[in-house]
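Breakdown of the fold
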Amino acid sequence: MGIQDDLGPPGQEAVELLVRGTVQGVGFRPFVYRLAKRFGLRGSVANSASGVVIKAVATKEIIRTFIKALMEEAPPLSKIIGLERRLLRDREKGEGFVILESAKAGGMEIFVPPDVATCQNCLSEMNDPSDRRYGYQFINCTDCGPRYSIIESMPYDRPMTSMKAFTMCGQCLEEYRNPDERRFHAEPNACPRCGPRLSWCARNGCEIETDDPIREAVFALKRGAIVAIKGMGGFHLAVDASSFEAVSVLRKRKARGLKPLAVMVSGLEDARRICMINDVEADALSSPERPIVLMQKRGGTMLAENIAPGVRDIGLMLPYTPLHHLMFVCSEAPPAIVMTSGNLTNEPICRENGEALERLSRIADFFLLHDRRIVNRIDDSVVRIIGGRPRMVRRSRGYAPMPIGLLARFPELIATGGLLKNTFCISRGGGAILSQHIGDLDNPDTFRFFEEGIRHMKAMFEVTPEAAACDMHPDYASTRYAKGLRLPVYHVQHHHAHAAAVMAEHGLSGPCLAVIMDGTGLGQDGTVWGGEIMLVRPTCFKRLGRLGHLMLPGGDAAARQPWRMAMSAVFSAFGAAGLDAALPDSLASIPYKKREIIAGMLKAGFNTPVSSSCGRLFDAVSALVGICDTAEYEGHAAMAFEALSCEVAGAKKHCVYPVDILEQDGVLVLDHSNMIKSVLKDIGAGVPAAEIGASFHLWLIKALCIILRMLSLKTGVKSVVLGGGCMQNRILLDGLLCGLWEAGLTPYAGEMVPANDGGISLGQIVIGGARHVSGHTYGDC
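**Some remarks on the pairing of strand β12 (residues 336–341)**
Two faces make up the sheet, and in a regular strand the side chains alternate between them. For β12, a buried count of 6 out of 6 residues is recorded, marking the element as mostly surrounded by other parts of the structure. Sheet analysis places strand β8 (residues 235–240) next to β12, joined by 5 bridges and oriented antiparallel. Residue pairing for β12: histidine 236 is matched across the bridge by serine 341. The pairing of strand β9 (residues 263–265) with β12 spans 3 bridges and is antiparallel. The residue of β12 that forms the bridge with methionine 264 is isoleucine 337.

Quick look at the structure:
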């Protein structure tokens, strides 16, 4: 990062600084220019394929002070991951300090800036009638606006973006060229004279003449219409969030079922009327990334009851584009607008006008379009505050493709992630680049998006992978893709990848204990895992504990119909002889013939693979207490169960259900038979379902803490990583974080990387990279 001072001549010296990281498209060059003028440096600054290159001539002391200010005062959207310094033999000619045109070369090590919300300066100009950008829907500057969504290739300059289609007018060009202007080299810079424009269209694609497309969209929403709105990274489907009828029509046309819908409001004041918001949630809502934040909804709000039925939290977000802000400026605008992804359920978000008109015309009544091409489709990010920290549920707009620093420097690799909530990841230098949210790869259109995203990312970063990492499951589309690359392939156990992702985010090299609780993942013994306690290192793991097995009657169908898991849980507790007598009344709504078939499968052991899945255990208890017998979407039963349990979980301090820990073949097993019997006893005694739910959560928290204390004493390891989709449950994660700290252990959980399968490609990169470099075979630690 520096050189020895005695290498330079006395007096002034000439140096070259290479700044690596997210330093393009974030106002870094004008920042360097102004800083250089402040310190009286001679020289230049330019973008290059490796980062930002600064050449400067000054005294050693001034250079030293300049570098310190460079690191401490960098623009808020930048992220410096490295600074290299070397002496130059030839000094810069000329006086003053200049900004040079970008150079492009191979060996790219730069990182692409994510899209960010409109800044306050731009909003002030947009709302100022005397400003030339008054009311302009695409206002931006170096501190805000589109980035990743418009980039075709690097370095990040206008000819490498979709803004190349718009020739700047004289005034915009003057701003763009002036280092003292806020819009100096703001690549999306534009104004109403020269920039993108809106249009208002019917569902048949015909443009409707109007002077104000935004007002037309607002009027349509007020009338109960569904409007498809082209945004920063794709389309939204919008309706008035206070209209039960409009929301019902949207759900029906989109085939959305009961899955919660996200809502946009104009600002924090309106958000507080809908949700109970703490300071951390308020900060996340109003951050430059502008994610959807899951928060506890208030009762008696203006929102339609069918926005988020059966769950406690609702996803709110604030406006993040000028268009969003201008919609809410209209006096006729609904105070809250549903803004859900512009797609059919399980398909990728629509990106371009023609695609949206073709795919969404059966859903939307009108289309609010613009003519700026979206290069990279990117969905809204979703976060939830647990343990006082934002936890990523879906990492996409605002965050992707920001790099994640790695402890080791790996060759170029690609990791293809899992089947559901897919992301992929590439390693480059000392960082890992995690893609935006892709989706579920069992959908053909989503798989094409996955392939498209990989092609673009490889080309943009000039990456040629020399190996691939993927899940162990042979039938995942992501696994088949990796095997088709004709590269060395490292198969990574699903739950090991979850653990490695948390370790990578927190800079842990291991060994660590890991608690991974999720729905499903293929284990090394060929069974379905999902409730695992492991000892983990980057190249290996050892299974030390697990949840007790439950049968999955009908295989994957058991995840869609939690009542099947309820019957399996009763069967595991009472056996074949006691099954029929022990079934609670909550399952009476299931036709007798169906129950009889499942009972027969359980008794015969036919099509009933066993699993240690925590997600399926949640499903079982949820169905037993009558909360959810059929899942409308992934995680439905567990989310509804958590929502109900939250009502009393805070007041209930002690676990009342028995904790039984057995040992089988050297592995600790949390047996749930007596817990299930206690649940059934409470149901028979008329104990409220919310209290049973709280007792179940406390039982699981207490049992896992006991097992981890035992294993910590045995192994001497005190660091514990927590991962898997079940760790998005606030009661469970909060309880484990507190319980493990009290036990003298140090817990870590995902924050900027999702705990669910959206994070496993990062874990695959770490494990595959470590094995590729070390040559270690995959075995027990």
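Picking up after the structure, the text goes on.
**Comments concerning the packing of helix α17 (residues 614–624) against helix α19 (residues 673–684)**
In the contact formed by α17 and α19, the axes pass within 11 Å of each other and the chain directions differ by 20°. As far as their axial angle goes, α19 and α17 are roughly parallel. Crossing geometry of α17 relative to α19 is assigned as right-handed. Within the contact between the two elements, α17 uses Leu617, Val621 and Leu624 and α19 uses Met675, Ile676, Val679, Leu680 and Ile683. A class-by-class count of the residues in the contact of α17 with α19 yields 8 nonpolar, no polar and no charged.

**Details of the sheet that holds strand β5 (residues 97–99)**
Pairing within the open sheet is mixed, and its 5 strands lie in the order β4-β1-β3-β2-β5. Here the strands that pair on one side only, and so sit at the sheet edges, are β4 (79–87) and β5. Ignoring which end each strand starts from, the neighbouring axes of this sheet average 20° apart. Pairing between strand β1 (residues 12–22) and strand β3 (residues 51–59): 8 bridges, direction antiparallel. Within β3, the position partnered with valine 15 by the bridge is alanine 56. Lying over the sheet, helix α2 (residues 60–72) contacts β1, β3 and β4, oriented at roughly 150° with respect to β3.

Rules behind the numbers
Residues numbered from 1 in each chain as written. Predicted model: local features only at pLDDT ≥ 70, side-chain atom pairs only at ≥ 80, totals over all residues. Heavy atoms only, no water. Buried < 20%, exposed > 50% of the residue type's maximum accessible area, 1.4 Å probe, protein only. Helix = DSSP H or I, 4+ residues; strand = E, 2+ residues; numbered from the N terminus. Pairing = 2+ DSSP bridges. Axes fitted to C-alpha atoms, helices over the stretch in contact; angles between N-to-C directions. Parallel < 35°, antiparallel > 145°, perpendicular 65-115°, else oblique. Left-handed = near helix turned anticlockwise from the far one by under 90°. Contact = heavy atoms within 4.5 Å. Nonpolar A, V, L, I, M, F, W, Y, C, P; charged D, E, K, R; others polar.

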